[in-house]
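The primary structure of each chain is shown beneath.
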Amino acid sequence: MRIARFSIDGNVAFGAVEGDRPDELVLDIIKGIPFADFELSGTKVPVNKVRLLPPVLPNKVVAFGRNYADHAKELGNEVPDAPFAFFKPSTSVIGPGDEIQYPSFSEELHHEAELAVVIGRMCREVPRERVKDVIFGYTCANDVTARDVQKREKQWARAKGFDTSCPLGPWVETDLDLRTASDLTVQLTVNGEQRQLGRTSEMIHSIEDLIVNISEAMTLLPGDVILTGTPAGVGPLTVGDEVAVTIEGIGTLTNKVVKRG
């Protein structure tokens, strides 16, 4: 099931996405919230009549860096022996179609296409064999990075945590099992030109590794998001660019870069 979060007539709701053709997609509005038992209302609205929002509002976004060997190599970094985590604040999250605002303190903005894992239940110290039970689903993410700031400041809070630096969407796909999610095509285009192409099977540390690692340290809450790293091919974004992340079996997340006003 594809679960979207949307706004219509000033109201926010979740809905199950039905249909295949982009111009024919409809939302069956969900009674309640998708992280608990819910029912479909039977009330349907066309997707093109609503504004799609970030599919979840995470308490925290836990991102993992240098989790693809070729990406670490292209930036001249060592491959970490253990998962390497950092955070993006909830204020960095935007949804499909929202604008990425080019930060005023950077002159080198980069795209990073990533598979995002959405947590479905409160959990801590998750054993490897239970990882599948705490995953709600998967969505597309773009770990937008002020690369010059990242290099200059050494730590990544401003470089990766600025407002609009974490596009998520267009929805959460809940029907992917962990095995399937571990071998999906991840690609990114800028103005229709392919920049990144990889597979989640190329991760150094698996989805299980990442969730076991971070849940040893902290409690994960329903709606929290885990970013799993980006394949090689990261590169610059400029004002006016349209950037699209497409992940096999999930969908396409598209955003435009604008000058921060």
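Cut-offs applied
- Residues numbered from 1 in each chain as written.
- Predicted model: local features only at pLDDT ≥ 70, side-chain atom pairs only at ≥ 80, totals over all residues.
- Heavy atoms only, no water.
- Core = buried A, V, L, I, M, F, W, Y, C linked by side-chain atoms within 4.5 Å.
- Buried < 20%, exposed > 50% of the residue type's maximum accessible area, 1.4 Å probe, protein only.
- Helix = DSSP H or I, 4+ residues; strand = E, 2+ residues; numbered from the N terminus.
- Contact = heavy atoms within 4.5 Å.
- Pairing = 2+ DSSP bridges.
- Salt bridge = Lys/Arg side-chain N within 4 Å of Asp/Glu carboxyl O.
- Polar contact = N/O pair within 3.5 Å; in protein donor to acceptor, adjacent residues only side chain to side chain.
- Axes fitted to C-alpha atoms, helices over the stretch in contact; angles between N-to-C directions.
- Domains from an automatic or database assignment.
- Buried area = accessible area lost by both parts, 1.4 Å probe.

The protein is annotated in an unreviewed UniProt entry as 5-carboxymethyl-2-hydroxymuconate delta-isomerase of Streptomyces lincolnensis.

A. Seen up close, the nonpolar core. Tyr138, Ile207, Ile211 and Ile226 are the most contacted members of the largest nonpolar core, which has 45 residues in total. In terms of residue count, helix 6 (residues 207-215) provides more of this core than any other element does, five residues in total. Every residue in contact with tyrosine 138, bar those within four places of it in the chain, is listed here: Leu115, Ala116, Val117, Trp171, Val172, Glu173, Leu176, Asp177, Leu178, Ala181, Ile207 and Ile250. Core analysis: the next-biggest nonpolar cluster, separate from the first, contains 18 residues, Phe86, Cys166, Val172 and Val225 among them.

B. Quick peek at the pairing of strand 19 (residues 242-247). For strand 15 (residues 185-190) and strand 19, the ladder comprises five bridges, and the chain directions are antiparallel. When the sheet's bridge partners are listed, valine 186 is paired in strand 19 with isoleucine 247. Two strands pair when backbone bridges link them, and strand 19 and strand 20 (residues 251-259) are joined in this way by six bridges, in the antiparallel orientation. Bridge pairing links valine 243 to asparagine 255 in strand 20. Between strand 19 and the antiparallel strand that follows it, strand 20, lie three residues; glycine 249 among them carries a positive phi value of about 80°.

C. A look at the pattern of salt bridges. Taken as a whole and assessed by the stated rule, the structure comprises 15 salt bridges. Notably, a salt bridge pairs arginine 51 with aspartate 98, separated by 3.1 Å at the nearest N-O pair. Of the two residues, arginine 51 sits in strand 5 (residues 51-52) while aspartate 98 sits in the loop between strand 8 (93-94) and strand 9 (99-102), which places them 47 residues apart along the sequence. In this structure, the salt-bridge partner of lysine 160 is aspartate 143, at a minimum N-O distance of 2.7 Å. Separated by 17 residues along the polypeptide, lysine 160 in helix 4 (residues 157-161) and aspartate 143 in the loop between strand 12 (135-142) and strand 13 (145-146) bring together distant segments of the chain. Judged by relative accessible area, aspartate 143 falls into the buried class, the value being 1%. Each of the salt bridges in this network shares a partner with another, and the network as a whole consists of Lys88, Glu112, Asp143, Arg147 and Lys160.

D. Highlighting the environment of aspartate 98. By relative accessible area, which is 14% here, aspartate 98 ends up buried. A C-alpha to C-alpha distance of 5.7 Å links aspartate 98 and asparagine 255, two positions 157 residues apart in sequence. Here aspartate 98 is in contact with Arg51, Asn255 and Lys256, once residues within four sequence places are set aside. Of the polar contacts made by the side chain of aspartate 98, one reaches the backbone nitrogen of glycine 95; its length is 2.7 Å.

E. The arrangement of the sheet that holds strand 16 (residues 193-199) in detail. With respect to topology, five strands assemble into an open sheet ordered 9-20-19-15-16, the strand pairing being mixed. Looking along the sheet, the strands with just one partner apiece sit at the ends: strand 9 and strand 16. Across the sheet, the mean angle from the axis of one strand to that of its neighbour is 20°, orientation sign disregarded.

F. Broad picture of the side chain of threonine 185. Looking at the element boundaries, threonine 185 is found in strand 15. Here the side chain of threonine 185 touches arginine 199 through a polar contact of 2.5 Å, side chain to side chain.

G. Local environment of the domain arrangement of the protein. We note that the domain assignment places domain 1 (2-52) and domain 2 (61-259) within the protein. Each of domain 1 and domain 2 was reduced to a C-alpha centroid, and the two centroids are 24 Å apart. On the side of domain 2, 13 residues touch domain 1, which itself brings nine residues to the contact. With both sides pooled, the region where domain 1 packs onto domain 2 buries about 890 Å², and carbon together with sulfur makes up 67% of that total. Area buried by domain 1 at its contact with domain 2 is led by Arg2, Phe35 and Leu52, which between them contribute 61% of it. In this assembly, domain 1 and domain 2 are joined by one salt bridge.

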